[in-house]
Amino acid sequence: MKRLKFGLEFTLILLFLSVFQVFAQQKVFKGNPDTTFEKARELAFNKQRKQAQDSLLLILTKYPDYLDIRSFLASTYSWDGNYKKARIEFAYVLKKDKSRKTDWIAAINNELLAEKPFNALEMTTNALEYFSEDTDILYLKAKAEENSNNPEEALQTIKFLLIENPNNKTAENYKTSLINELSFNTIGINSSADLYSKNERDLMTYHTIKYGRQTKYGSITGNINYNRRFQKTGIQYEIDMYPKITKGMYAYVSAGVSNTDLFPSVRYGAELYKSLPKSFEMSLGFRGLKYTETTIIYTGSVGWYFGNSYWSFRTYVTPGDAGSSKSGTINYRRYRRDADNYFSISAGVGFSPEIDPFPLNDDEEAIFDLKSQKFNIGYYFSSSNKLNAWGTKFSVTHEEKSFSLGNYYLFYSLGVSYNVKFK
C-alpha cells in the first residue's frame, strides 16, 4: 500500500513538472520579432491593448533589449493609466540608452499624467544634460514647474525657450496663459444707464470702479458704486469675497455701506456654493438690506454646466407681513474659448431687491412685493493675451411702480464694462 501511494505521488510530481515545462516553453518567444511587433502595434491602435501588451511581453522574453518594443509597451501602459508599469519600462529603456529623446519626452509626460510633477521636473533636469536647451524638453520643464506650484519659474523657462525658438506658437500661447495665471490683480469699471419710456423719469446712471485680487484663499474685490438718480448722487462702498472652503465648495461673503438713500445704508450677505455630480452646482444664502428697517432676503440657485453651455436659475424670497415676495431668473451662457468670452441671455419675473433699483415708495418705505418682468442679453470678450476684457449688455424691464401699485414703468438699460489684469 505504501509503495502504491509513493508511486502515485511520484507520478503526479512528474506530471506537474512536465506540464510546467510545456507552459514555460510556450512562454518563450519563437518567431520574427519585427513582424510580431507590427501586429502588436495594430492591436494596440485598434483598442485591443491587452492582447498587444501580451505579445510585446512575449517578444521581450527573448529580446529584452529590443528598446523600441519596450518603449512602445511603456507607452501603452501610460495610455491605460498604468503609470507605475510605464515608469519601470521607460526607466529600463533610458538606462540602456540615454540618447533616446522621444523616450525622455514620453517618460516625462507619463509623470505629468500620473500627477507626479516633482518626478517630471527631476527628469527634465536629467534630460537637459543630454539635450541642452532643447525646446521640447524645456516646454515640459515649464509644465512640471507650473504643476509644482511654481508658475513664475515656469514663465521664466518659457521665456528662455522663446529666446531659443521665437517662432514656437505653442510656447507663445503657453506664455500668455502663464502671464494670465500670474495676473492676480484686476482693475475694472462698469457703467450703465436706464432710459424710461415716455420720459416718465429722467435718465439714471450707474457706475462702479473696482479692484480685485486673487489669493490662495479665494478672490476679494472692493467696489465703489456711484449712482445718479432723481437729480441726486450717491456713493456706496462694498467688499465681496469668495473664500475657498474645500474641494468643490466655496462661499460668497459681502458687505456694503452708504450714507445716501440711493442705496441701502447697510447691505450684507453670505452664500454657500457646492458642486454636485453630473456638472451641477447649487447654492443657498441670504442678503440683508437696511433702509429705514432691515429686510432679510433668502436666495438660492441651481447651475448646470453642459459642454460650453451654462444654465442657472436663481430665486429670491423676501418674507413680509402680507406674505412672501418671490422672484426668479433663468440665465443661459454660451462660452467660447474661456470664462471671459461668452454670450448670455436671461429672463426673470418678480422684483429682485438685490439687483433692481430703488424699491422705495413716497413715504421712503421699502416695497419688495412688486410685479416685474425683465429680459437681458449680454456679450463679453477678452483680448488675445486675456489681460483685457470688455462687456456690453442690454435689458428691457417692465416694473410695477412702488408708489402706485398696479401701474408700470417700461425702461431700457444699456451697460458696458472693462477690466484689466496685472501682476
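Going by the structure above, here's the rest.
What counts, and at which threshold
- Counting of residues starts from 1 at the beginning of each chain's written sequence and follows it residue by residue.
- pLDDT decides what is reported in this predicted model: residues at 70 or higher carry local features, side-chain atom pairs at 80 or more are listed and counted, and totals for whole chains, interfaces and linings draw on all residues regardless.
- Side-chain calculation: all heavy atoms of the structure are included, whereas hydrogens and water are not.
- Basic side-chain nitrogens of Lys or Arg form a salt bridge, by our definition, when they fall within 4 Å of a carboxyl oxygen of Asp or Glu.
- Secondary structure follows DSSP: runs of H or I at least 4 residues long count as helices, runs of E at least 2 residues long count as strands, and numbering of each begins at the N terminus.
- Pairing between two strands is assigned when DSSP locates at least 2 bridges connecting them.
- Throughout this description, the term nonpolar core refers to a set of buried Ala, Val, Leu, Ile, Met, Phe, Trp, Tyr and Cys residues connected via side-chain atoms within 4.5 Å.
- Working definition: with a 1.4 Å probe on protein chains only, accessible area under 20% of the residue-type maximum means buried, over 50% means exposed, and in between means partly exposed.
- Contacts are residue-level and defined by heavy atoms, with any inter-residue pair within 4.5 Å sufficient.
- Expected span, for any helix, means 1.5 Å times one less than how many residues it has.
- Two rings belonging to Phe, Tyr or Trp (six-membered ring only in the last case) form a pair when the distance between their centres is within 6.5 Å. Interplanar angles under 30 degrees mark stacking, angles over 60 mark edge-to-face geometry, and anything in between is tilted.
- Here, over-ring charges are defined by two tests on the NZ atom of lysine or the CZ atom of arginine: distance to the ring centre within 6 Å, and angle to the ring normal within 35 degrees.
- Lines are fitted to the C-alpha atoms to define the axes, a helix being fitted only along its stretch in contact, and any angle between axes, read from their N-to-C directions, falls within 0 to 180 degrees.
- Orientation categories follow fixed angle ranges, with anything under 35 degrees roughly parallel, anything over 145 roughly antiparallel, 65 to 115 roughly perpendicular, and all other angles oblique.
- For a crossing to be left-handed, the near helix must be turned anticlockwise from the far one by less than a right angle; the clockwise case is right-handed.

> Got a minute to help me understand the pattern of salt bridges in this structure?
Should the charged atoms of two oppositely charged side chains come close, the side chains can pair. Under the criterion given, the structure shown has 14 salt bridges. Of the charged contacts in the structure, one is a salt bridge between lysine 96 and aspartate 65, with a shortest N-O distance of 3.9 Å. On the criterion of sequence distance, the pair formed by lysine 96 in helix α5 (residues 83-96) and aspartate 65 in the loop between α3 (49-62) and α4 (67-79) is long-range, its members being 31 residues apart. Within this structure, Asp68, Arg100 and Asp103 form a network of salt bridges that share partners.

> What is the right way to read the pairing of strand β5 (residues 249-258) from this model?
Consecutive side chains of a regular strand alternate in pointing toward one face of the sheet and then the other. One ladder, built from 8 bridges, connects strand β4 (residues 232-246) with β5; its direction is antiparallel. Across the sheet, residue glutamine 236 finds its bridge partner in β5, namely serine 258. Two elements, β5 and strand β6 (residues 266-276), share 9 bridges in a ladder whose sense is antiparallel. The residue bridging valine 257 from the neighbouring strand is valine 266, located in β6.

> Quick question: what am I supposed to make of the nonpolar core here?
Here is a general trend for soluble globular proteins: nonpolar side chains tend to be buried in one another's company. Of all hydrophobic cores here, the largest spans 40 residues; its most connected members are Leu56, Ile108 and Ile158. Those residues in contact with leucine 56 that lie beyond four places of it in its chain are Phe37, Ala40, Ile69, Phe72 and Leu73. Counting residues in hydrophobic clusters, the runner-up holds 5 residues, among them Tyr196, Met204, Tyr206 and Phe411.

> Can you walk me through helix α10 (residues 169-182) in this structure?
An α-helix turns once every 3.6 residues. As a result, residues three or four positions apart point the same way. When the terminal C-alpha atoms of α10 are compared, their 20 Å separation across 14 residues agrees well with the 20 Å that a helix rising 1.5 Å per residue should span. Restricting attention to buried positions, one finds in α10 the residues Ala171, Tyr174, Thr176, Leu178, Asn180 and Leu182. Each element contacted by the buried residues of α10 is listed here: α8 (135-147), α9 (151-164) and β14 (404-422).

> What's the story with the packing of aromatic side chains in this structure? I'm lost.
Given two aromatic rings, their pairing is described by the distance between the two centres and the angle made by the two planes. Taken as a whole and assessed by the stated rule, the structure comprises 23 aromatic pairs. For the ring pair tyrosine 139 and tyrosine 174, a centre distance of 5.3 Å and an interplane angle of 55° mean the geometry is tilted. Here tyrosine 139 is found in helix α8, whereas its partner tyrosine 174 is found in helix α10, with 35 residues between them in sequence. Aromatic pair tyrosine 242 and tyrosine 252: ring centres 5.2 Å apart, planes at 45°, arrangement tilted. Placement of tyrosine 242 in strand β4 and of tyrosine 252 in strand β5 is noted, with a sequence separation of 10 residues between them. Since its relative accessible area comes to 35%, tyrosine 242 is described here as partly exposed. Taking the relative accessible area as the measure of exposure, tyrosine 252 reaches 8% and is therefore buried. Joined through ring pairs, the aromatic side chains of Phe37, Phe45, Tyr66, Phe72 and Trp79 make up one cluster. Here the basic side chain of arginine 41 rests over the ring of phenylalanine 72, its NZ or CZ set 4.8 Å away from the ring centre. Its guanidinium or amino end placed over the ring of tyrosine 92, arginine 70 lies 4.0 Å from that ring's centre, counting from NZ or CZ.

> Even after reading the chapter, I still don't get the packing of α3 against α4, so can you show me in this structure?
Helix-helix packing is characterised by the crossing angle of the two axes and by the distance between the axes. Running from amino to carboxyl end, α3 crosses α4 at an angle of 150°, the nearest separation of the two axes being 10 Å. As far as their axial angle goes, α4 and α3 are roughly antiparallel. Seen along the crossing, α3 lies across α4 with a hand that is left-handed. On the side of α3, the interface is formed by Arg49, Gln53, Leu56, Leu57, Ile59 and Leu60, while α4 contributes Ile69, Arg70, Phe72, Leu73, Thr76, Tyr77 and Trp79.

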